[in-house]
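The chain contents come next:
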Amino acid sequence: MKHPIHPSEITPEALYYGRRRFIKQAVTASAAALLMGACQPEPEPMLATTTTDNVPPTAGSIKDDMGNLLTDYVSIINYTNYYEFASDKSGPTKLAQNFNTSPWTVSVGGFVRNPKTFDIVDLNSLFNQEERIYRMRCVEGWSMVIPWNGFPLKKLLDLVEPTSDAKYVRFETLFDPEQMPGQKSPIYPWPYIEGLRMDEALHDLAILSTGIYGKPLAPQNGAPIRLVIPWKYGFKSIKSIVKIDLVDEMPTSLWMASSPSEYGFYANVNPNVPHPRWSQATERRIGQDGRIDTLLFNGYEDEVADIYTDMDLTVFF
Amino acid sequence: MKISRGPLIANTLCLIPLFFLIVGYFQGSLTANPIQALTLRSGRTAVTLLLGSLACRPLSNMLGLTSLLKIRKILGLYAFFYASIHFLVFSGLDFEFNLGWILDEIRFKPFIQIGLSALILLIPLTVTSINSIRKKLGKTWQVLHRLVYFIAILVITHFLMAVKGDIIRPAVYGGVFLLLMLFRLPSLSKIKLDKKPRWLGSINKFLLS
């Protein structure tokens, strides 16, 4: 008997390519073929459409909690900021293809009772994988809606039992210039460092992610494990983590070190704190036309505003 | 009037970036954020062409490529053309001609103020490149067009401030600009290639005919 294919098993093309681009490409591909027929026999596929596995992208919903449509998978894996590989948006997709994420360990230490080094395989099985559909707002004025797979950071921290001296969490990305050619650039103080205050790290919205759309993270998206802090600008969500330390002093992130006037420790999404380069009042949602208003704390104000009540957000930006 | 090959080739080459911008935009190959890609590319093309126009004089002096002096104006005009596209993408495509948004951008971002000043200063240079106006201006034209050096400094500063941290590309442009300025110093501007290879002469002749 043939195995019947349930409709829900079939990934809608829109999840893959985005409805608008799917239509646009179909229409323009024919026009482009006519136009460029003479010089280009076969239009090259311009975007990576799959990762190494063949798992189709799937998500529990096509919308986030505010009704925003998910960003298509192809955009998510082809438009990234990952300076360890390249400083443009499509470079990381090409340069990270052979990034080796196995074996991979994450060491968790500092002011904790049970310092421990986790194998990434164990980390994935230790905690229940949850899907979290979050808006991601880049400091550069663009945003996506991404269905992450992962687990709350709190679960990992509870396991290692932070002591009362632990005031901040410091995260570190792999430093391996052979694999990550961008790290050969002397412009930045590698490795990439990020940090959270303890209450931020323990917040339920803060997750460690190992997948997107039900697929393992693509290297350019931060494989094998990354942080996701939806109410902060994207650069806080550090990728390819090898080290997590509980510390008593505020860590200096890579961006704070390289440009302290532009990037603060908190980096909460805030339309009222202008940046010298990009618009923070509005944003462009990838795959959609037009600009939309940027929301305080990226729309997660109800969930997180109470941990910043005594702070002047324009001073602690 | 017969158009010689130099200007013909220059015009064609200068339109190629526009062609790829349009094709890329409608084909959807300008990343997932095509407006940002359009902004970056039109800006880069503009600054490249501006430096190109500034390179014509020293290259002509040094290598005897007098044909380059005939395309200097074309490169300058296309620099203005791409700078205008750059501004239209910013104000129209990106900020939807929403005056409130655009004014906010200008107010809070010094790099936009600098870039916009450069574009505004390019306008009189563009207008006065019309031959009849140029003739009427006489000596004043020369003085006015020295503004281009100042504009180039503005543009490179704008570029430098617009990048996040990868300053290599704007730094290279800055270096090229300094080099082009150096070769305008009286002592250096007289440097000539002693033995010009014959093919240089042939190229020059080809472009002039």
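### Some details on the sheet that holds strand E2 (residues 116–119) of chain A
All names here are of chain A.
- With respect to topology, five strands assemble into an open sheet ordered E2-E1-E10-E5-E6, the strand pairing being mixed. The open sheet has two edge strands with one neighbour each: E2 and strand E6 (193–197). Taking the axes of each pair of neighbouring strands and ignoring which way they run, one obtains an average angle of 15° across the sheet.
- As judged from the five bridges shared by strand E5 (residues 168–173) and E6, these two strands associate in the antiparallel manner. Bridge pairing in E6 places phenylalanine 171 opposite glutamate 194.
- Sheet strands touched by helix H6 (residues 153–160): strand E1 (105–110), E2, E5, E6 and strand E10 (241–247). Its angle to E2, the strand with the most contacts, is close to 135°.

### Some remarks on the confidence of the model for chain B
- For chain B, the average pLDDT comes to 93, and 100% of its residues sit at 70 or higher.
- Taken over the whole predicted complex, pTM reads 0.86, whereas the ipTM for its chain interfaces reads 0.83.

### Here we look at the pairing of strand E7 (residues 207–212) of chain A
All names here are of chain A.
- Most of E7 sits out of view: six of its six residues are buried.
- With five bridges connecting them, strand E4 (residues 142–152) and E7 associate as antiparallel partners. Each residue of the ladder has a partner; that of asparagine 149, found in E7, is glycine 211.
- Note: E7 against strand E9 (residues 226–228), three bridges, orientation antiparallel. What sits directly across from leucine 208, in E9, is leucine 227.
- Inspection of the sheet shows E7 paired to strand E8 (residues 215–216) by two bridges, in the antiparallel sense. Each residue of the ladder has a partner; that of glycine 211, found in E8, is proline 216.
- Connecting E7 to the antiparallel partner E8 that follows it, the hairpin turn spans two residues, and tyrosine 213 within it adopts a positive phi of roughly 55°.

### A few points about helix H1 (residues 5–27) of chain B
Residue and element names in this part refer to chain B.
- Taking 1.5 Å of rise per residue, the 23 residues of H1 would be expected to cover 33 Å, and the 32 Å separating its terminal C-alpha atoms lies within 8% of that figure.
- Along its length, H1 shows its largest kink, about 25°, at isoleucine 16, and proline proline 17 lies within four residues downstream of that point.
- Gly6, Pro7, Ala10, Cys14, Leu21, Val23, Gly24 and Gln27 are the residues of H1 that are buried.
- Two residues or fewer after H1 comes glycine 28, characterised by a positive phi angle close to 75°.

### Here we look at the interface of chain B and chain A
- With 30 residues of chain B in contact, the opposing surface of chain A contributes 32 residues.
- Together, Gln27(B), Ala32(B) and Lys164(B) form the three largest contributors to the area buried by chain B at its contact with chain A, with a combined 28%.
- The interface formed by chain B and chain A includes three salt bridges.
- Residue Arg291(A) is joined to Asp94(B) by a salt bridge in which the shortest nitrogen-to-oxygen separation is 2.5 Å.
- Inspection of the region where chain B meets chain A yields 14 residue pairs in polar contact (both at pLDDT 80 or more).
- When residues of the side of chain B that touches chain A are traced back to their parent elements, those giving at least two are H1, helix H2 (34–63), helix H3 (68–94), helix H4 (99–108), helix H5 (110–127) and helix H8 (147–162) of chain B.
- Examining the composition of the side of chain B that touches chain A, we find that five residues originate from one element, H1(B), more than from any other.
- Within the side of chain B that touches chain A, the residues separate by chemical class into 17 nonpolar, seven polar and six charged.

### A short note on the pairing of E5(A)
Residue and element names in this part refer to chain A.
- A large share of E5 lies buried, amounting to five of its six residues.
- Relative to E10, E5 is paired through six bridges, and the arrangement is antiparallel. When the bridges of E10 are listed, threonine 173 appears paired with isoleucine 241.

### Side note on unusual backbone geometry
- In this chain, Ser102(A) is followed by Pro103(A) through a cis amide linkage whose omega measures 0°.
- Relative to the helices and strands, Pro103(A) is located in the loop between helix H4 (91–95) and E1.
- Geometrically, the link from Trp190(A) to Pro191(A) is a cis peptide bond, its omega value of 0° lying close to zero.
- With respect to the helices and strands, Pro191(A) occurs in the loop between E5 and E6.
- Residue Thr31(B) is not a glycine yet carries a positive backbone phi of 60°.
- Of note, Thr31(B) is situated in the loop between H1 and H2.

Cut-offs applied
Residues numbered from 1 in each chain as written. Chains lettered and ligands numbered in written order. Predicted model: local features only at pLDDT ≥ 70, side-chain atom pairs only at ≥ 80, totals over all residues. Heavy atoms only, no water. Pairing = 2+ DSSP bridges. Helix = DSSP H or I, 4+ residues; strand = E, 2+ residues; numbered from the N terminus. Axes fitted to C-alpha atoms, helices over the stretch in contact; angles between N-to-C directions. Contact = heavy atoms within 4.5 Å. pLDDT = per-residue confidence, 0-100. Buried < 20%, exposed > 50% of the residue type's maximum accessible area, 1.4 Å probe, protein only. Expected span 1.5 Å × (residues − 1). Bend = angle between axes of the 7 residues up to and from the residue. Buried area = accessible area lost by both parts, 1.4 Å probe. Salt bridge = Lys/Arg side-chain N within 4 Å of Asp/Glu carboxyl O. Polar contact = N/O pair within 3.5 Å; in protein donor to acceptor, adjacent residues only side chain to side chain. Nonpolar A, V, L, I, M, F, W, Y, C, P; charged D, E, K, R; others polar.

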